[in-house]
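One letter stands for each residue in the lines below.
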Amino acid sequence: MTQRPDIHRRDALLGLTAAAAAGPALAKPHAHRRDWKGPAHEVRDAMAFAWAGYRERAFGYDQIKPVSGGRESFFFPDGPSLGLSIVEALGTLYVMRLDKELEEGVRWICDHLNFDIDGDIQLFETTIRMVGGLVSGYLATREKKLLTLARDLTDRLMPAFKTPTGLPYRFVNLKSGAARDKLSFPAEFGSFAPEFGTLGRLVNDKRYYEAAKAAAKAGFDRRSKLDLIPDTIDVETGVWKSRRATIGPPSDSYYEYLWGCWRLFGDKDFKHWFDVHTRATLKWQSDRVDGRLWFAQVDFETGQRLDRRQSELASFYAGLLGKGGWMHEGRDYLNAWSAAQDKFGVLPESLDYEHMSAARKTNDLRPEFANSCLDLWQIDKDERWRELALKHFRAMVASSKTTYGFTVLTDMTSKPMAQGDFCPGYWWAEQMKYYWLIFSDTARFDYARNYLSTEGAILEGFK
Ligand code: DMJ
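Just so it is clear, the structure is predicted and the values come from calculations on it, not from any experiment.

1. Notes on helix α8 (residues 193-203)
Burial analysis of α8 places nine of its eleven residues in the buried class, which makes it a mostly covered element. The set of residues buried in α8 consists of A193, P194, E195, F196, G197, T198, L199, G200 and V203. Looking one or two places after α8, you find N204, whose phi comes out positive at around 60°.

2. Some points on the sheet that holds strand β4 (residues 171-173)
By definition, the strands of a sheet pair up through backbone hydrogen bonds, in either a parallel or an antiparallel sense. Read from one edge to the other, the open sheet built from three strands follows the order β3-β4-β5, with strand pairing classed as antiparallel. Edge positions in the sheet fall to β3 (120-122) and β5 (179-180), since each of these pairs with one other strand and no more. Pairing geometry for β4 and β5, over two bridges, is antiparallel. Within β5, the position partnered with V172 by the bridge is A179. On the sheet, helix α5 (residues 123-141) packs against β3 and β4 and is oriented at approximately 65° with respect to β3.

3. Some details on unusual backbone geometry
With an omega of 5°, the peptide bond between P249 and P250 qualifies as cis. Structurally, the position occupied by P250 is in the loop between β8 (244-245) and α10 (252-265). K415 connects to P416 through a cis peptide bond whose omega is -5°. Within the secondary structure layout, P416 lies in the loop between β18 (409-411) and β19 (418-419). Phi is positive for D181, close to 75°, though the residue is something other than glycine. Positionally, D181 belongs in the loop between β5 and β6 (183-184). Taking the relative accessible area as the measure of exposure, D181 reaches 30% and is therefore partly exposed. In this structure, K381 takes a positive phi of about 55° despite not being glycine. For K381, a relative accessible area of 41% gives the class partly exposed.

4. Focus on α5
With 19 residues, α5 should reach 27 Å at 1.5 Å per residue; the first-to-last C-alpha distance of 25 Å fits that figure. The largest bend in α5 is about 25°, located at G132. Taking burial as the measure, the 19 residues of α5 include 19 buried ones, the bulk of the element.

5. Quick look at the site of the ligand
With respect to spatial proximity, the complete set of residues near the ligand consists of I128, R129, L313, R366, P367, E368, Y426, E430, T454 and E455. Measuring from an oxygen atom of the ligand, one finds a side-chain N or O atom of E368 at 2.6 Å. In the model, an oxygen atom of the ligand is placed 3.0 Å from a nitrogen or oxygen of the E430 side chain. Contact with the protein chains hides 92% of the accessible area of the ligand, taken as 300 Å² for the molecule alone. Its residues placed into classes, the shell around the ligand shows four nonpolar, one polar and five charged.

6. Focus: the state of the cysteines
For the structure on display, the rule yields zero disulfides. The thiol of C373 is unpaired, and the distance to the nearest cysteine sulfur, on C423, comes to 20 Å.

7. Focus on the pattern of salt bridges
Enumeration according to the criterion identifies 43 salt bridges in this entry. With a shortest N-O distance of 2.6 Å, R243 and D299 are connected by a salt bridge. Taken together, the residues span a long stretch of sequence, with R243 in the loop between β7 (233-234) and β8 and D299 in strand β11 (residues 297-299) at a distance of 56 residues. On the basis of relative accessibility, which here comes to 39%, the residue R243 falls in the partly exposed class. One connected set of salt bridges, linked through shared partners, spans D120, R170, R180, D181 and E188.

Conventions and cut-offs
- Residues numbered from 1 in each chain as written.
- Predicted model: local features only at pLDDT ≥ 70, side-chain atom pairs only at ≥ 80, totals over all residues.
- Heavy atoms only, no water.
- Buried < 20%, exposed > 50% of the residue type's maximum accessible area, 1.4 Å probe, protein only.
- Helix = DSSP H or I, 4+ residues; strand = E, 2+ residues; numbered from the N terminus.
- Pairing = 2+ DSSP bridges.
- Contact = heavy atoms within 4.5 Å.
- Axes fitted to C-alpha atoms, helices over the stretch in contact; angles between N-to-C directions.
- Expected span 1.5 Å × (residues − 1).
- Bend = angle between axes of the 7 residues up to and from the residue.
- Near = heavy atom within 4 Å.
- Polar contact = N/O pair within 3.5 Å; in protein donor to acceptor, adjacent residues only side chain to side chain.
- Areas by Shrake-Rupley, 256 points an atom, 1.4 Å probe, with all protein chains shown as cover.
- Nonpolar A, V, L, I, M, F, W, Y, C, P; charged D, E, K, R; others polar.
- Disulfide = S-S within 2.5 Å.
- Salt bridge = Lys/Arg side-chain N within 4 Å of Asp/Glu carboxyl O.

Right, dumping it as structure tokens:
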């Protein structure tokens, strides 16, 4: 593996740092300041433990089944694996200084990863997990093969963008380029530009970013008079197929990447789109219950409330609000989720926030709460966010740790909580990195200027 030189840096005038966007810190620092070295070591040990289990039982497979020691493919359920967990882990291993493990992972990728597969792959998941993971791995290690693979994979995805609207199909065949599935969702048509733009900068090719931006624009241009978009569209006709606006799935990272492209590339169009949508979301979707801030699903043309459920995945929005300049609302929203964490110990996959009950009792080892803790902590350095992240981490260890790693839960309301048997790829890229960055003060990360993708891939900020 080659040593990485300094990654390129943007002009400080382009893009706002999150801190500048948020204005001065308003919250009082937590009274008691903990020594964070201990929690940081706990996180690093947990990552090393899980890596050892994965290496022993599932190395090169997409995902480990950490209870039984089995393994499974993610992109092609009955077909080949793409080493997903390895690709997702690269940046986390780097910032944790787990250099032997990083070397093992990079070696496996260089020796085995090959995208010449006659199979249909999902554009969105492939981009945020594989393209993002490989580009981030390249930025961490400067191993050229990672960049070559990222480009090869992205070239194989590009035919899916050839539609009358510029909105991509959901699946594409990696070998033939044949694309399919015309009903898509904001997260799935609008979550490409940070990965594609970063790749394009590295290989000097604008086509990737232009296709990604055209897709996001096609969604924004079809917003309602309330400046909201619903969650399903026909990519061939551009006609919406639902009325439901939500900040959760399947829309979530569409909003996240509007801000992301402003932060990463200084693209003012994206900033405008982000501001327009955020103002509309705050106006039409915010819903206070017992003083707590939540975001309801609403009709995108009338603003009428449709339901008061909140996917756990929506908790990322607290950090996004903070980064986007709505720090007060970001804090309120994370505090609402913190009340749910206090009540349940481990967050349910979906919450009925009106009654503070679990609408879905599973927990898919989700990272979004920890993501928002890191985002808000980077802005105001309030110890509260660190404490919330520590509670989240320790609850995860208590409920999900098993023989060969960490597993999802099938029921977080039972006592003890019932474990499933799989560890999602994002676990390696996301919460383990968020916990580590928030506790460790590592010298391998630029806390003053960085960008993490929706999948936790560091696209700027390695040191
Ligand atoms: C991750 O794959 C990404 O964060 C995505 O945007 C939605 N959430 C999952 C993990 O929960």
